[in-house]
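# Structural description and commentary
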Amino acid sequence: MPDRVYLDWNATTPLRPEARAAMAAAWDFSGNPSSVHAEGRQARRLVEDARAAIAAAVLARPEGVVFSSGGTEANALALTPGLHRGAGPPVQRLLVSAIEHTSVLSGGRFPAEAIATIAVTSAGLVDLDHLRNLLDGESPALVSVMLANNETGAIQPVAEVAELVHAAGGLLHVDAIQAFGKIPFDIDSIQADLVTLSAHKIGGPKGVGAVVLADGLQGLEPLLAAAGRNSVAGLEPRMWPGFPALVRLPRPRSRRYRQTPSGSRICGTGWRPALPKRTE
Ligand SMILES: Cc1ncc(COP(=O)(O)O)c(C=O)c1O
């Protein structure tokens, strides 16, 4: 019997063997994914495979996946003024629930005067009446509500939140970092416009996260001007395979994408939880 048993898996999880193996294999690729020669293309394939696997896990499109150096950076990136859909108006204000992670509470790139806080009930759930009031009458907002809380475990009514937000012409960001791999969901079932994820909460490497955009969402600007649209400057792409190594899909990706019923509630369409499958 060990002296101590580590149980704080909401804070972080031990690296799982399949994630370590996927990264170890990737370290052996010497190519730079930006190079056009064979080595570069090989490294690029690794990166794009990782992107496709993460997209498939939440039934989004690979073009919508932007890797980041963790969940904190993913949230900072997601909270961008000017996000919009098609000809819709760009969001210029931000509403965050009072129980969000600090990386959301800090408001990303929104100025302090454009940020308001949504109250929560005594059960630790977003107060929908307060949200309705905050949405009322003003310009369209980006609303950020997490799927599962990192301290209380309370699962938020994100589908109801989405209905209110979209009816008011706003957009919804869902920090799904504590839910990914534990609660089946996909980007459509929770009606999110953006979702953020982090690898180290499910046995992946620390320092790898992702923003996943729903179809048609536009206006996400890189945090660093030097970074491309689907990447982040300075991020080590050889760690990325350590994230999708943990994602197991119950059915083929493309068919499942088309089958996703738009507007459904959280349902069993997501991938199988990775955590209970420990064999070592
Ligand atoms: C809900 C939530 N959001 C964001 C983060 C930040 O993720 P990361 O540690 O990958 O920066 C955490 C991690 O504690 C979290 O629990």
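Structure first, text after, so check above.
Parameters and conventions
- Residues numbered from 1 in each chain as written.
- Predicted model: local features only at pLDDT ≥ 70, side-chain atom pairs only at ≥ 80, totals over all residues.
- Axes fitted to C-alpha atoms, helices over the stretch in contact; angles between N-to-C directions.
- Helix = DSSP H or I, 4+ residues; strand = E, 2+ residues; numbered from the N terminus.
- Parallel < 35°, antiparallel > 145°, perpendicular 65-115°, else oblique.
- Left-handed = near helix turned anticlockwise from the far one by under 90°.
- Contact = placed C-beta atoms within 7 Å.
- Nonpolar A, V, L, I, M, F, W, Y, C, P; charged D, E, K, R; others polar.
- Near = placed C-beta within 6 Å.
- Pairing = 2+ DSSP bridges.
- Expected span 1.5 Å × (residues − 1).
- Buried ≥ 20, exposed ≤ 12 C-beta atoms within 10 Å, placed from the backbone.
- Core = buried A, V, L, I, M, F, W, Y, C linked by C-beta atoms within 7 Å.

### Observations concerning the packing of helix α5 (residues 128-135) against helix α6 (residues 158-167)
- Here α5 crosses α6 at 20 degrees, and the two axes come no closer than 10 Å. Comparing the axis directions of α5 and α6 gives the class roughly parallel. Like other packed secondary-structure pairs, α5 and α6 cross with a definite hand, here right-handed. Contact with α5, carried on its side by Leu128, Leu131, Arg132 and Leu135, involves Glu160, Val161, Leu164 and Val165 of α6 and no other residues of that element.
- Of the residues that constitute the contact of α5 with α6, the class distribution is six nonpolar, no polar and two charged.

### Notes on the site of the ligand
- Lining the immediate environment of the ligand, one finds 14 residues, of which Gly70, Gly71, Thr72, His101 and Asn150 sit closest.
- With three residues, helix α3 (residues 71-78) is the largest single contributor of residues to the shell around the ligand.
- Tallied by class, residues from the shell around the ligand come to two nonpolar, 11 polar and one charged.

### Some remarks on the sheet that holds strand β5 (residues 141-144)
- Sheet architecture is open: seven strands sit in the order β1-β8-β7-β6-β5-β3-β4, paired in mixed fashion. Each edge of the open sheet carries a strand with a single partner, namely β1 (65-68) and β4 (115-118). Within this sheet the neighbouring strands show an average axis-to-axis angle of 20 degrees, counted without direction.
- Taken together, the four bridges between strand β3 (residues 93-97) and β4 define a ladder with parallel strand orientation. By the bridge assignment, Leu94 is partnered in β4 with Ile115.
- Where α3 meets the sheet, it contacts β1, β6 (171-175), β7 (194-198) and β8 (209-213), and its direction lies at approximately 165 degrees from that of β7.
- The sheet strands contacting α5 are β3, β4 and β5, and the helix crosses β4 at an angle near 155 degrees.

### So, helix α2 (residues 38-57)
- If you check α2, its first and last C-alpha atoms are 29 Å apart, about what 20 residues at 1.5 Å a residue would give, namely 28 Å.
- All buried positions along α2 are accounted for by Ala43, Val47, Ala50, Arg51, Ala53, Ile54, Ala55, Ala56 and Ala57.
- Looking at the residues trailing α2, positive phi occurs at Leu59, about 55 degrees.

### Some remarks on the pairing of β1
- Across the two faces of β1 the burial is the same, with Val65 and Phe67 and Val66 and Ser68 all buried.
- Here β1 pairs with β8 via four bridges, running antiparallel. Residue pairing in the sheet places Val66 in a bridge with Val211 of β8.

### Regarding unusual backbone geometry
- The phi angle at Leu59 is positive, at roughly 55 degrees, despite the residue not being glycine.
- Structurally, the position occupied by Leu59 is in the loop between α2 and β1.
- The exposure class of Leu59 is buried, given the 22 C-beta atoms found within 10 Å.

### A word on the environment of Pro17
- Looking at where Pro17 falls in the secondary structure, it is placed in helix α1 (residues 17-27).
- Taking the number of C-beta atoms within 10 Å as the measure of exposure, Pro17 has 13 and is therefore partly exposed.
- Between the alpha carbons of Pro17 and Ala245 there is a distance of 9.5 Å; along the sequence they are 228 residues apart.

### What to know about the nonpolar core
- Val161, Val174 and Val212 are the most contacted members of the largest nonpolar core, which totals 75 residues.
- Broken down by element, this core gets its largest block of residues, eight residues, from α2.
- Apart from the residues within four sequence positions on either side, Val161 is in contact with Val126, Leu131, Val143, Val145, Gln156 and Leu172.

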